[in-house]
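# Notes for the structure review
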Amino acid sequence: PSVGERRGASYIEQLLQTGLQWVRHRNNTPTLRASVDKTVFALLYGWMLKGAFASNDPSTAFFVDVSDGLNPPSLIRAGQLKLRVGIATNSPAEYVIIEVTKDTRALEEELATT
């Protein structure tokens, strides 16, 4: 990918990391995953409208995956949530894949150290 595409992907990854800080204080449930999906979709949809992706159709411009397949019971028991995002860059037939994992036990750890 070009330098601009890398910077764009890095910027979106940073947005996801900071924009999903509230997830640290929640249990990994289907409701939480649906909320994360909705939040990330809205963020990426806004960027799509600004022309950040190769397409102006959400189904081909990006995808958001926080499914049960990515979050099996073992990961849920470990207190983590995994998110996979793909963004269509200007390179034809390519998605840049961004994976974010949040430790949802952070609040418990913060409270234990105080």
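This next bit is on the sheet that holds strand 1 (residues 62–65). Backbone-to-backbone hydrogen bonds pair the strands of a sheet. The strands run either parallel or antiparallel. Ordered in space as 1-2-3, the three strands form an open sheet in which the pairing is antiparallel. Because the sheet does not close on itself, it has two edges, and the strands there are strand 1 and strand 3 (95–103). Mean inter-strand twist for the sheet, computed between neighbouring axes without regard to direction, equals 15 degrees. Sheet analysis places strand 2 (residues 80–88) next to strand 3, joined by nine bridges and oriented antiparallel. Paired with Leu81 across the bridge in strand 3 is Lys102. Packed on one face of the sheet, helix 1 (residues 3–19) meets strand 2 and strand 3 and runs near 25 degrees to strand 3. Taken strand by strand, helix 2 (residues 30–49) contacts strand 1 and strand 2, and its axis lies near 165 degrees from that of strand 1.

Reading the values: the criteria
The written sequence of each chain sets the order in which its residues are numbered from 1. This being a predicted model, a pLDDT of at least 70 is required before a residue's local features are given, and a value of 80 or more before pairs of side-chain atoms are given or counted; all residues contribute to the totals for chains, interfaces and linings. Each side-chain value is derived from all of the structure's non-hydrogen atoms; neither hydrogens nor water enter the calculation. At least two bridges found by DSSP between two strands is the condition for calling them paired. Each helix is a run of H or I in the DSSP string that is no shorter than four residues. Each strand is a run of E no shorter than two, and both are numbered from the N terminus. Only the contacting stretch of a helix is used when fitting its axis, a line to C-alpha atoms as for every element, and angles between N-to-C directions run 0 to 180 degrees. Whether two residues touch is decided by their heavy atoms; if any such pair falls within 4.5 Å, the residues are in contact.

Shape descriptors only; they carry no functional weight alone.
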